[in-house]
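Overview (structure and organization)
Single-letter residue listing:
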There are 2 protein chains.
Amino acid sequence: MRSTEAGNGRQGAGGPGNRVTIAEVAERAGVSTATVSRVLSGRGQTSAEMQRRVRRAADELGYRVNSIARALRNSRTDTVGMVVPSITNPFFTSLVESVEHALGREGKELFLCDAQSDPEVEARRLASLVARNVDGIIVSPSHGTASGAAVQETADRLPLVQLDRFVGGTDTDWVGVDDIAAMRQVIDHLHDGGARSAAFVGSQLTNSSTEQRLAGFRRRAAERDLTVLEDWVLLGDYTVEFGEAAVARLARMDALPDAIVCADDLIALGVTRACRAHGIDVPGRVQVTGFDNIEFARLGEPALTTVDQPRDRIATEAVRLLAAAASAAADGGERGPCAHIALIPSLVVRDSTRAPAPRERPTDH
Amino acid sequence: MRSTEAGNGRQGAGGPGNRVTIAEVAERAGVSTATVSRVLSGRGQTSAEMQRRVRRAADELGYRVNSIARALRNSRTDTVGMVVPSITNPFFTSLVESVEHALGREGKELFLCDAQSDPEVEARRLASLVARNVDGIIVSPSHGTASGAAVQETADRLPLVQLDRFVGGTDTDWVGVDDIAAMRQVIDHLHDGGARSAAFVGSQLTNSSTEQRLAGFRRRAAERDLTVLEDWVLLGDYTVEFGEAAVARLARMDALPDAIVCADDLIALGVTRACRAHGIDVPGRVQVTGFDNIEFARLGEPALTTVDQPRDRIATEAVRLLAAAASAAADGGERGPCAHIALIPSLVVRDSTRAPAPRERPTDH
DNA sequence: CTGAAAGCGCTAACAA
DNA sequence: TTGTTAGCGCTTTCAG
């Protein structure tokens, strides 16, 4: 009998249904299960001799901890659940990547779920994460109101932080970007490039991102005296297709705006594509901006000017908040007030907008 | 005391650490825990009266099953694990979406992990899925050889099916597409469009997809007398950046091929973009093809001709195989021979290739 | 049809 | 330092 397990594809210890338990390891090592547990989980004091014997026995038997049993005992799974509105949206997958990295640093794993942009699916996913005793939940709610009940109910049971989007009427931690500030940068940049009127293309106002971005857009446009016709505010969903449809509609109107501000990059990609199809020069005739800075943003023709979300920072803060909430809950406490962290994003200027018209500046003396 | 839970954000039953157990429900209902279990899990016979009383008590207390405990008892979690090489690759996310749908029909959930294109991370993810007692694993191995040990070791412990890619030297079920047949279609189409020479741009030969696709490319190119200079086979990785770099290299050579066949759409997107940058007309001077038919394929300039993978079908077959393996393992059996299912993909013709030159055809009489 | 009780695999008091 | 033992919350024989 050899101590190595891999290789020939069907060996003794393998095969489903006969997993080695701590008791078998204990027997083989001639010690108690408690000692095995202490050695293998690294808690408590053990002699070097015991360590050797236990590890050896465990290796020989091919022992693997059963984290289900461990979780039942510890009521802690070292697993965090994450729910995103749509796993096919590149922004969310890159956010997931950042969260995974942040969690990895804490020795935790991620259990990712896709809400398929449907609050009901989302509610089921949240419930099943709760049932599986994840240590905390990170959620980007798919709907600005309909997601409320499920999110709040989940937050009442375990640490939860909302990411990027948030849902009204809930009382939980949140980390995201300051959409108002982002739109200020966008509008100012467009204005510097000569735009005096602008359209807005976003999703329906069923999530906080669009709401905030539209609000920010309106406010700053007014401040900079940009013309915004009501017909130029087009709301659909976060897809390339809708971006294309929006341009088709704009093209049928009497006047074209100087700029089209999009609530995310997918829409913006659709917009630039459709502009090309309609023979509308970007940025010559119309400037276009996106939001999120997904990987494909630079692939648009022309490459998209967009708002870069500080994903790593967002993820780090979220994980930190989760850990704080978990330890607060552990030593008994009432949950304190919720944190709302709004990070300031930065504008990434590419070819879909015009370079700012040169303005008089004080020269270096 | 009310029976509703949601609403004010901090109510009695809520808060971490005090979950309702089946024993409390039993007490309130004035029955045994066994009866509660029978009612709530729907197994075994129970009178209507009991059902009512138990459910009522459960509702009032806000009981939720603890699936950790249930899993420990049942040694079944109704959860399937999935590991993909890179969660930021749109092909894999859409595959994940298909798998989720297929699993949803079986009442199972998905636990998704990202291997970050690193066999070591992949091995850790696999191990932790095993430790968490998932009922089965779906994996697209990140490396054609280095992933072998971990994949095989996992497969020895529980039902596992490889998806899309597979790793050499393993003995597990596999579902994917017939890359050789796919390349036959690609080459024939390019030839019909007048191409007489072709380059190939793919990742390093560290995964089965590229290996197979290059092999299929070479074979069919030879059969159709397409010229393939050795310098025209460029291997890097599955990224837009590499596609761009490949064109830069090709552009420095003496002769340009009539066509560039890419091993996936990300590369192809990079290739078309770089061609534009280098002033190489697509498809006028060079035809370009991709592979996978990701959503962004149609957004290239020009839109990409590519090979469409039948994701839903792949996912369905994978889930079926997993279920079969699970039930085979349940009634004790040795695992039977492995299934290798290669589906035939279809070519999606768009603007990055030329329409076939009109050929003589028998006219309808 | 219902209840009592054993135990899934692991860990943490408490004893020795 | 090590062993003994009592559960974590659930399901499921086996009696009644």
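All values derive from a computational prediction rather than experimental measurement. (Residues numbered from 1 in each chain as written. Chains lettered and ligands numbered in written order. Predicted model: local features only at pLDDT ≥ 70, side-chain atom pairs only at ≥ 80, totals over all residues. Heavy atoms only, no water.)

**Re the overall build of chain A**
Helix and strand counts for chain A stand at 12 helices and 12 strands. For chain A, whose C-alpha radius of gyration is 27 Å, the value lies well above the compact-globule estimate of 21 Å for 365 residues. The dimensions of chain A, computed from C-alpha atoms along their principal axes, are 85 × 55 × 50 Å. Here chain A, with 365 residues, has 53% of them falling under the buried criterion. For chain A, the share of sequence-separated contacts (at least 6 apart) that also reach a separation of at least 24 residues comes to 72%. Counting every atom, chain A has about 15700 Å² of accessible surface; 49% of that belongs to carbon and sulfur. Charge centroids of chain A, computed over 42 positive and 49 negative side chains, lie 7 Å from each other. (Helix = DSSP H or I, 4+ residues; strand = E, 2+ residues; numbered from the N terminus. Rg over C-alpha atoms; globule rule 2.2 N^0.38 Å. Buried < 20%, exposed > 50% of the residue type's maximum accessible area, 1.4 Å probe, protein only. Contact = heavy atoms within 4.5 Å. Areas by Shrake-Rupley, 256 points an atom, 1.4 Å probe, with all protein chains shown as cover. Lys, Arg positive; Asp, Glu negative; His and termini not counted. Charge placed at Lys NZ, Arg CZ, Asp CG, Glu CD.)

**A look at the sheet that holds strand β9 (residues 287–289) of chain A**
Residues and elements named next belong to chain A. With parallel pairing, 4 strands are arranged side by side in an open sheet as β7-β6-β8-β9. The sheet is open, and its two edges are formed by β7 (233–236) and β9, each paired on a single side. Strand-to-strand twist across the sheet, computed as the mean angle between neighbouring axes with direction ignored, equals 15 degrees. As paired elements, strand β6 (residues 198–203) and strand β8 (residues 259–262) share 4 bridges and run parallel to each other. Across the sheet, Phe-200 pairs through a bridge with Val-261, a residue of β8. (Pairing = 2+ DSSP bridges. Axes fitted to C-alpha atoms, helices over the stretch in contact; angles between N-to-C directions.)

**Quick look at the pattern of salt bridges**
Residue and element names in this part refer to chain A. A complete count under the given rule lists 44 salt bridges over all chains for this structure. One salt bridge in this structure joins Glu-60 and Arg-56, with 3.1 Å as the shortest N-O distance. Within this pair, Glu-60 and its partner Arg-56 are both found in helix α3 (residues 48–61), separated by 4 residues, close to a single helical turn. Judged by relative accessible area, which is 53%, Arg-56 ranks as exposed. Three or more residues joined by partner-sharing salt bridges are found here, namely Arg-76, Asp-78, Lys-108 and Asp-135. (Salt bridge = Lys/Arg side-chain N within 4 Å of Asp/Glu carboxyl O.)

**What to know about the pairing of strand β8 (residues 259–262) of chain B**
Residue and element names in this part refer to chain B. Of the two faces of β8, both are covered, the one formed by Ala-259 and Val-261 as well as the one formed by Ile-260 and Cys-262. Bridge analysis of β8 against strand β9 (residues 287–289) gives 3 bridges, and the strand direction is parallel. Considered in β9, the bridge of Ile-260 is made with Val-288.

**A closer look at the relation of the copies chain A and chain B**
Both copies of the chain are tied together by a single rotation about an axis and a shift running along it. When chain A is fitted onto chain B, the two copies agree to an RMSD of 0.2 Å after a turn of 180 degrees and an axial shift of 0.1 Å. Put plainly, the chains are arranged around a two-fold axis. A shared interface surface links the copies, since 99% of the contact residues of chain A are contact residues in chain B too. (Least-squares fit on C-alpha atoms with pLDDT ≥ 70 in both.)

**Topic: the protein's contact with DNA strand C**
Taken together, the neighbourhood of DNA strand C is formed by 26 residues, with A:Ile22, A:Tyr63, A:Arg70, A:Arg73 and B:Thr35 sitting nearest. Sugar plus phosphate, as a fraction of atoms of DNA strand C within 4 Å of the protein: 65%. At 2.8 Å from a phosphate oxygen of DNA strand C is found a side-chain nitrogen or oxygen belonging to A:Ser37. At 2.4 Å, a side-chain N or O of A:Tyr63 approaches a phosphate oxygen of DNA strand C. Ranked by residues supplied to the surface near DNA strand C, first place goes to helix α2 (residues 33–41) of chain A with 5 residues. (Near = heavy atom within 4 Å. Polar contact = N/O pair within 3.5 Å; in protein donor to acceptor, adjacent residues only side chain to side chain.)

**A few points about helix α5 (residues 90–104) of chain B**
Residues and elements named next belong to chain B. Taking 1.5 Å per residue, 15 residues should reach 21 Å; α5 reaches 21 Å between its end C-alpha atoms and fits that length. With 12 of 15 residues buried, α5 lies mostly within the body of the structure. Among all positions of α5, only Pro-90, Phe-91, Phe-92, Thr-93, Ser-94, Leu-95, Val-96, Ser-98, Val-99, Glu-100, Ala-102 and Leu-103 are buried. A side-chain oxygen of the first residue of α5 lies 2.9 Å from the backbone nitrogen of Phe-91; this N-cap is Asn-89. (Expected span 1.5 Å × (residues − 1).)

**Notes on the nonpolar core**
For soluble globular proteins, nonpolar side chains are generally found buried alongside one another. A:Leu163 and B:Leu163 are the most contacted members of the largest nonpolar core, which has 144 residues in total. A:Leu129, A:Leu158, B:Leu126 and B:Leu129 belong to the second largest nonpolar core, which has 32 residues in total. (Core = buried A, V, L, I, M, F, W, Y, C linked by side-chain atoms within 4.5 Å.)

**Observations regarding the side chain of A:Ser94**
Turning to its location among the elements, A:Ser94 is positioned in helix α5 (residues 90–104). Only 2.7 Å separates the side chain of A:Ser94 from the side chain of A:Arg311, close enough to count as a polar contact. When near neighbours in sequence (up to four residues on either side) are disregarded, A:Ser94 contacts A:Arg311 and B:Thr88.

**Some remarks on the protein's contact with DNA strand D**
Around DNA strand D, a shell composed of 25 residues is seen, among which A:Thr35, B:Ile22, B:Tyr63, B:Arg70 and B:Arg73 lie nearest. Per the 4 Å cut-off to the protein, sugar and phosphate atoms form 64% of the nearby atoms of DNA strand D. A:Ser32 places a main-chain nitrogen or oxygen 3.0 Å from a phosphate oxygen of DNA strand D. Here A:Arg38 contributes a side-chain N or O atom positioned 2.7 Å from a base nitrogen of DNA strand D. Where the surface near DNA strand D is concerned, the elements lending two or more residues are α2 and α4 (67–74) of chain A together with α2 (33–41) and α4 (67–74) of chain B. Each residue belonging to the surface near DNA strand D can be placed in one class, and the counts come to 9 nonpolar, 10 polar and 6 charged. (Nonpolar A, V, L, I, M, F, W, Y, C, P; charged D, E, K, R; others polar.)

**Observations regarding the UniProt feature "domain: HTH lacI-type" (unreviewed entry) in chain A**
Here the UniProt-annotated "domain: HTH lacI-type" (unreviewed entry) positions come out as residues 20–74 of chain A. Helix makes up 71% of residues 20–74 of chain A and strand 0%, whereas the separation of the span's terminal C-alpha atoms amounts to 20 Å. (UniProt positions renumbered as here; feature names shortened; annotations may be inferred.)

**Some points on the packing of α5(B) against helix α12 (residues 311–330) of chain B**
When two helices pack together, their arrangement is captured by the angle between the axes and the distance separating the axes. Residue and element names in this part refer to chain B. For the pair α5 and α12, the least separation of the axes is 8 Å and the interaxial angle reads 50 degrees. Judged on the interaxial angle alone, α12 and α5 are oblique. α12 is crossed by α5, and the crossing has right-handed handedness. Facing Phe-91, Ser-94, Leu-95, Ser-98, Val-99, Ala-102 and Leu-103 of α5, the residues of α12 in contact are Arg-311, Asp-312, Ile-314, Ala-315, Thr-316 and Val-319. When the residues that make up the contact of α5 with α12 are grouped by side-chain class, the tally is 8 nonpolar, 3 polar and 2 charged. (Parallel < 35°, antiparallel > 145°, perpendicular 65-115°, else oblique. Left-handed = near helix turned anticlockwise from the far one by under 90°.)

**What to know about the state of the cysteines**
Covalent bonding between the sulfur atoms of two cysteines defines a disulfide. Across all of its chains, the model carries 0 disulfides over all chains by this definition. The cysteine A:Cys113 is free of any disulfide, with B:Cys113 supplying the nearest cysteine sulfur at 11 Å. According to the relative accessible area criterion, A:Cys113 is buried, its value standing at 1%. In this model B:Cys275 remains outside any disulfide bridge; the closest cysteine sulfur is found in B:Cys262, 8.7 Å from its own. (Disulfide = S-S within 2.5 Å.)

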